[in-house]
Each structure stands twice: as structure tokens, then as C-alpha cells.
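A closer look at the structure
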Amino acid sequence: MSQSVDRALTLLDALGDAPLSLEQAASSLGVHKSTALRLLRTLEEHGFARRQPDLRYRIGGRVLSLAHRALEDFDVRQVAAPYLAALGARSGLTVRLAVLHDGEVLYLDEVAGPSGAEPSRIGRRAPVEGTAVGRVLLAGLSADDRGEEPELAAVRRRGWAAESREHREPVTCVAAPVAGSGGRTVAACALSAPASEVPPAALARLVPELLCTAEAISLAYGGSPTPRWCENRCGSRPVVPASRTSGRASAARRR
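Residues numbered from 1 in each chain as written. Predicted model: local features only at pLDDT ≥ 70, side-chain atom pairs only at ≥ 80, totals over all residues. Heavy atoms only, no water.

Moving on, we come to the packing of helix H2 (residues 22-29) against helix H3 (residues 33-45). As a packed pair, H2 and H3 sit with axes 8 Å apart at the nearest point and diverge in direction by 105°. Considering their axes alone, H2 and H3 lie roughly perpendicular with respect to each other. Here Leu22, Glu23, Ala25, Ala26 and Leu29 of H2 lie close against H3, whose contacting residues are Lys33, Ala36, Leu37, Leu39 and Leu40. Here the contact of H2 with H3 is composed, by residue class, of eight nonpolar, no polar and two charged. (Axes fitted to C-alpha atoms, helices over the stretch in contact; angles between N-to-C directions. Helix = DSSP H or I, 4+ residues; strand = E, 2+ residues; numbered from the N terminus. Parallel < 35°, antiparallel > 145°, perpendicular 65-115°, else oblique. Contact = heavy atoms within 4.5 Å. Nonpolar A, V, L, I, M, F, W, Y, C, P; charged D, E, K, R; others polar.)

Written out as C-alpha cells, the structure reads:
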């Protein structure tokens, strides 16, 4: 790998965590300040970094633009958007959509709760272990990929997962799978709230609303979920053709 490219990408990643002074940038790379300055100015010229009035550098708007364009490639995000908004309005909590990407949870979209107490996770990654969304996504893999872990088997049977203090943050979360063609899990829909405001038991009472939304997204995405809850709350309902037997029974009742 080109040393300059490696250093630039390392520096860009560091800027994503917090603004850096020239001295801090040089220290993070283990290089002289003149080298760090050249890298920072190059990143700034291309919009990947910007210098603040206090002379520290932070992430630039070009990064956000590229991230947004990349996220748009995940079409499930576009399909799910109105359903996420509707669930957020009904519940008053934060709603998120995530997928499994390169062995990690990748958050594609979210509708923030009214308090705005939780930081945005759009574009962020999280480990699959220890998160409700991660367990839902792992439970949706084929048997050869996921093995036979009892916890994942329980999530698969129940159809949702819960987690308190999700990803080491003081939040509670419940998540449900979004199904694609053949019932394959393509994403996870989640409700979360600060643990200090909404206890796990209160969040669990909203699971029917969450499952309803996840199934509505699945249907809109072209998937084939097993309807278990009232889709009327989401404005979507699966069409189940009536059998000939049921048709004759209905006709008999009318007569």
C-alpha cells in the first residue's frame, strides 16, 4: 500500500473520532508536523477535512456526501423509510434500520425520537455480539453459517430480540427481522430508547408494533414474511387467497 495513502486514510479515520490539532495529527501518525500538515491540506483541498477557527481540523462535508451516496445503494433503506417514520411517530422512540455488512452491524437509517437524547448511528458500525440487531441478523443466516447456538435459535423462534444497554451505551433496544425473497433476513428494524427514560419492560410492550412494521417493510420489499401481527397499524396487509373450501363455506353462510 502507498505510504501516503495509508497515512491519509489513517488520519481521515482519526478525524472521524474527534477534531485534531496539527500536533495531535502528527502524533497519531508518528510523523513530523510538516508531513501531517501536507496531508491535512490535501484532505482539506478535496473537502475531506476542514479547519476550524480554533485551527483544529475536523471531518469535511465531502465524507458525508460520499457516505450518503453509498447508503442510497441499499434499496431496502428507501423502501423502509416511510414505515420507520410511521413507527417513530406512533411510538415516540428512536427507530433504526440496520444490515449485516462485512461481519458487522451497519446502520443504514434512523428516525430520531423527540428528545434527541441518542446520538445518530447512521453509517456507523457495531459488533454483532451483544446487540439486539446483531442477534436478529445472525439468526437470519443459514444454518451452516450460524451454527446451532441456543440463543440465536430462541431469537429465530420468537421473531425478535431484546437488549439492555445496547453496544455498551445506556440504551434499551428491541429488534425484529426484515425478510426478503424466500424469507431470507435482509435487514433488522429496531426500537431503542435511553435506559433512564424507558425501562426494558416498557419497551417490550411495543414489540407488536415493531413486528408489524418489520413485516410491512418485508412485504413492501417483495419479501414473504409469516404474518403474525395486525398489519393494519402499518397500513399494509398481506393478501391471502381464499381456498375453494372457504369460498363454498362463505357462500353457504350467505344463503
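Next, the rest of the story.
Here the focus is the side chain of threonine 131. Its location among the elements puts threonine 131 in the loop between strand S5 (125-126) and helix H6 (132-139). Using a relative accessible area of 0% as the deciding quantity, one classes threonine 131 as buried. A polar contact of 3.1 Å, which involves the side chain of threonine 131, links it to the backbone nitrogen of glycine 134. (Buried < 20%, exposed > 50% of the residue type's maximum accessible area, 1.4 Å probe, protein only. Polar contact = N/O pair within 3.5 Å; in protein donor to acceptor, adjacent residues only side chain to side chain.)

The phi dihedral of leucine 55 falls on the positive side, at around 75°, and the residue is not glycine. Following the sequence through the fold, leucine 55 ends up in the loop between strand S1 (49-51) and strand S2 (57-59). Of note in this structure, aspartate 102 is not a glycine but carries a positive phi near 55°. Tracing the chain through its elements places aspartate 102 in the loop between strand S3 (94-101) and strand S4 (104-111).

The full count for this structure, using the stated rule, is seven salt bridges. Across the pair arginine 90 and glutamate 209 runs a salt bridge whose closest N-O atoms are separated by 2.9 Å. Taken together, the residues arginine 90 in helix H5 (residues 75-91) and glutamate 209 in helix H10 (residues 207-221) connect sequence positions 119 residues apart. Taking relative accessible area as the criterion, glutamate 209 reaches 17% and is therefore assigned buried. Note that arginine 125 is salt-bridged to glutamate 104, the shortest N-O span being 3.6 Å. You can see arginine 125 sitting in strand S5 and its partner glutamate 104 sitting in strand S4, a full 21 residues away along the chain. With a relative accessible area of 31%, glutamate 104 lands in the partly exposed category. (Salt bridge = Lys/Arg side-chain N within 4 Å of Asp/Glu carboxyl O.)

What follows deals with helix H8 (residues 150-158). By the burial criterion, the buried members of H8 are Leu152, Ala153 and Val155. Down the axis of H8, the buried set is contained in an arc of 160°. They therefore lie on one face. The exposed set on the far side of H8, more than 90 degrees from its buried face, consists of Pro150 and Arg157. Glycine 159 lies just past H8 and shows a positive phi near 90°. (Arc of directions from axis to C-beta.)

Let us look at H3. For H3, spanning 13 residues, the distance from its first C-alpha to its last is 18 Å, which sits close to the expected 18 Å at 1.5 Å a residue. Among the residues making up H3, those that are buried are Thr35, Ala36, Leu39, Leu40 and Leu43. Viewed along the axis of H3, the buried residues span an arc of 130°, placing them on a single side of the element. Opposite its buried face, H3 presents the exposed residues Arg38, Arg41 and Glu45, each directed more than 90 degrees away. Buried-residue contacts for H3 involve helix H1 (3-17), H2, S1 and S2. (Expected span 1.5 Å × (residues − 1).)

With that settled, the discussion passes to the pairing of strand S8 (residues 185-194). Looking along a regular strand, one sees the side chains alternate between the two faces of the sheet. With respect to burial, S8 is a largely interior element, 10 of its 10 residues being buried. In terms of strand pairing, S3 meets S8 through five bridges, oriented antiparallel. In the sheet register, arginine 96 faces S8, and the bridge partner there is alanine 190. Bridge analysis of strand S7 (residues 171-179) against S8 gives nine bridges, and the strand direction is antiparallel. If you follow threonine 172 over to S8, its bridge partner there is alanine 193. Joining the antiparallel neighbours S7 and S8 is a turn of five residues, in which glycine 182 adopts a positive phi near 70°. (Pairing = 2+ DSSP bridges.)

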